[in-house]
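The primary structure of each chain is shown beneath.
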Amino acid sequence: MKNFISAHDVKDIDGLVQSALAYKADPFKDKTLGTNKRIGMLFLNPSMRTRLSTQIAAQNLGAEPIVFNVDKEGWALEFEEEAIMSGNKVEHVKDAAPIMGNYFDILCIRTFPSLKNKEEDYSELYINQFIRYSGIPVVSLESGTLHPLQSFTDIITINEVMKGGVAAGRRPKIVLTWAPHVKALPQAVPNSFAQWVNAWGKADFVITHPEDYDLDPKFTTGATITHDQDAALKDADFVYVKNWSTYNDYGKIYTNDPEWMMTNDKLKPTNNAKVMHCLPVRRNVELSDEILDGPNSVVTQEASNRVWAAQAVLAELLRNKK
Ligand code: CP
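Residues numbered from 1 in each chain as written. Predicted model: local features only at pLDDT ≥ 70, side-chain atom pairs only at ≥ 80, totals over all residues. Heavy atoms only, no water.

**With respect to the packing of aromatic side chains**
And step 1. Inspection of every chain in the model, using the stated rule, returns 12 aromatic pairs.
And step 2. Centre to centre, the rings of Trp178 and Tyr213 are 4.8 Å apart; their planes meet at 55°, and the pair counts as tilted. Taken together, the residues span a long stretch of sequence, with Trp178 in strand β7 (residues 173-178) and Tyr213 in the loop between β8 (204-208) and α9 (217-220) at a distance of 35 residues. Here Trp178 matches Tyr213 in class, with each residue buried.
And step 3. A network of ring pairs unites the aromatic residues Trp178, Tyr213, Tyr254 and Trp260 as a single cluster.
And step 4. A cation sits over an aromatic face here: Lys29 above Tyr23, 4.6 Å from the ring centre. (Phe/Tyr/Trp six-rings, centres within 6.5 Å; stacked < 30°, edge-to-face > 60°. Helix = DSSP H or I, 4+ residues; strand = E, 2+ residues; numbered from the N terminus. Buried < 20%, exposed > 50% of the residue type's maximum accessible area, 1.4 Å probe, protein only. Lys NZ or Arg CZ within 6 Å of the ring centre and 35° of its normal.)

**Observations regarding the domain arrangement of the protein chain**
And step 1. Segmentation of the protein chain into domains returns domain 1 (7-146 + 305-321) and domain 2 (150-303).
And step 2. The distance between the C-alpha centroids of domain 1 and domain 2 comes to 25 Å.
And step 3. Facing 28 residues of domain 1, the contacting portion of domain 2 comprises 33 residues.
And step 4. In terms of surface lost to domain 2, no three residues of domain 1 exceed Leu115, Tyr122 and Asn305, which account for 25% of the buried area on that side.
And step 5. The interface formed by domain 1 and domain 2 contains 2 salt bridges.
And step 6. Two residues, Glu160 and Lys24, come together in a salt bridge whose shortest N-O distance is 2.7 Å.
And step 7. Linking domain 1 with domain 2 are 18 residue pairs in polar contact (both at pLDDT 80 or more).
And step 8. Taken together, the elements giving at least two residues each to the side of domain 1 that touches domain 2 come down to α1 (13-25), α5 (118-122) and α14 (306-321).
And step 9. Residues that form the side of domain 1 that touches domain 2 fall into these classes: 14 nonpolar, 6 polar and 8 charged. (Domains from an automatic or database assignment. Contact = heavy atoms within 4.5 Å. Buried area = accessible area lost by both parts, 1.4 Å probe. Salt bridge = Lys/Arg side-chain N within 4 Å of Asp/Glu carboxyl O. Polar contact = N/O pair within 3.5 Å; in protein donor to acceptor, adjacent residues only side chain to side chain. Nonpolar A, V, L, I, M, F, W, Y, C, P; charged D, E, K, R; others polar.)

**Topic: the packing of helix α2 (residues 49-60) against α14**
And step 1. For the pair α2 and α14, interaxial distance at closest approach is 8 Å and the crossing angle is 50°. Considering their axes alone, α2 and α14 lie oblique with respect to each other. Like other packed secondary-structure pairs, α2 and α14 cross with a definite hand, here right-handed. From α2, Arg49, Thr50, Ser53, Thr54, Ile56, Ala57, Ala58 and Asn60 reach across to α14, where they touch Arg306, Val307, Trp308, Ala310, Gln311 and Leu314.
And step 2. Class assignment for the residues of the contact of α2 with α14 results in 7 nonpolar, 5 polar and 2 charged. (Axes fitted to C-alpha atoms, helices over the stretch in contact; angles between N-to-C directions. Parallel < 35°, antiparallel > 145°, perpendicular 65-115°, else oblique. Left-handed = near helix turned anticlockwise from the far one by under 90°.)

**What to know about the side chain of Thr208**
And step 1. Inspection of the secondary structure assignment puts Thr208 in strand β8.
And step 2. Polar side-chain contacts of Thr208 include one of 3.5 Å to the backbone nitrogen of Gln229.
And step 3. Residues in contact with Thr208, not counting those within four places in the same chain, are Val175, Leu176, Thr177, Trp178, Thr226, His227, Asp228, Gln229, Ala232, Trp244 and Trp260.

**Brief notes about the state of the cysteines**
And step 1. Summed over the entire model, instances satisfying the criterion amount to 0 disulfides.
And step 2. Free of any disulfide, Cys108 has its nearest neighbouring cysteine sulfur in Cys278, separated by 19 Å. (Disulfide = S-S within 2.5 Å.)

**What about the site of the ligand?**
And step 1. The environment of the ligand is made up of Ser47, Met48, Arg49, Thr50, Arg110, His147, Gln150, Cys278, Leu279 and Arg306.
And step 2. Arg110 is positioned with one of its side-chain polar atoms (N or O) 2.8 Å from an oxygen atom of the ligand.
And step 3. If the ligand stood free it would expose 260 Å²; the protein chains cover 92% of that surface.
And step 4. Its residues assigned to classes, the shell around the ligand shows 3 nonpolar, 4 polar and 3 charged.
And step 5. Counting contributing residues, the shell around the ligand receives three or more from each of domain 1 (7-146 + 305-321) and domain 2 (150-303). (Near = heavy atom within 4 Å. Areas by Shrake-Rupley, 256 points an atom, 1.4 Å probe, with all protein chains shown as cover.)

**Brief notes about the environment of Gln150**
And step 1. For Gln150, the position within the fold is in helix α7 (residues 148-163).
And step 2. Spatially, the C-alpha atom of Gln150 lies 9.9 Å from that of Leu279, the residues being 129 residues apart in sequence.

**A word on the sheet that holds β8**
And step 1. The strand order across the open sheet formed by 5 strands is β9-β8-β7-β10-β11, and the pairing between neighbours is parallel. Looking at which strands have only one partner, the edges of the open sheet turn out to be β9 (224-226) and β11 (274-276). The mean inter-strand angle of the sheet, taken between neighbouring strand axes irrespective of direction, is 20°.
And step 2. Relative to β9, β8 runs parallel, the two being bridged by 3 bridges. When the sheet's bridge partners are listed, Val206 is paired in β9 with Thr224. (Pairing = 2+ DSSP bridges.)

So, in structure tokens, the structure goes:
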């Protein structure tokens, strides 16, 4: 693995899951792997889970994480090639990134999409420019179109829950369902979840959403897609709940129909499904209190597993550098 930007950077997803679960069982077993190594963590957007779990993961490996909130504390960065920098952008990424490449051994970056310009967001300009100019491995902490550490965590959690009885010994049915939200949100989490479930290849995968909420088929091809949420949920083992804004007519909210909110009633036709969400979640808009506070929710387990996902990824990149 050179960088960790998408599922396609991972040759053996099951092997990486086993590595993460081994760190969960024994967090400090590689506590000297990162000795004298620095992990730069650049945030161009807010975060709670990703920021804390990745710092803990780096420290468990003996590495030093250094957080830089570029959005609040840094110079405004220009990413376009040949830009005439007469506006409010102060420093070009081609000047800043090589310096970070000298300061750090691995660079982790969070950038959100604008949701205004689909071509620009889906070109992943920001993260690709850091890969191009930093000269060190780059880890996505969520980019314009993907959230690979979240999706890897989701696959870890599904594996863990299956071992505990849900769908043990058979292909699970996983349903990704759209949910209402008050804001237009990126497609990164559902794109990424679809990409990872498809790449993992060990589930019957269904995506359900209202009309005109289709995601980019480059991520969803392989899944069954339906607008009938009730039919989709039948016999589901896992229900992944997430809002996203429209992809085709980019970044819009077409509906906020509360009928799409996940409730215990909606779970009745499932196989007592475990319910997942990447968090943060809008309670009683996306997911009801009764689910989040009840026995079907695995959201805390899922978020806690972010540490082991990040640790497995950082460990592999650190080993590659040795
Ligand atoms: N799920 C997730 O990435 O959470 P944060 O935005 O808090 O990091």
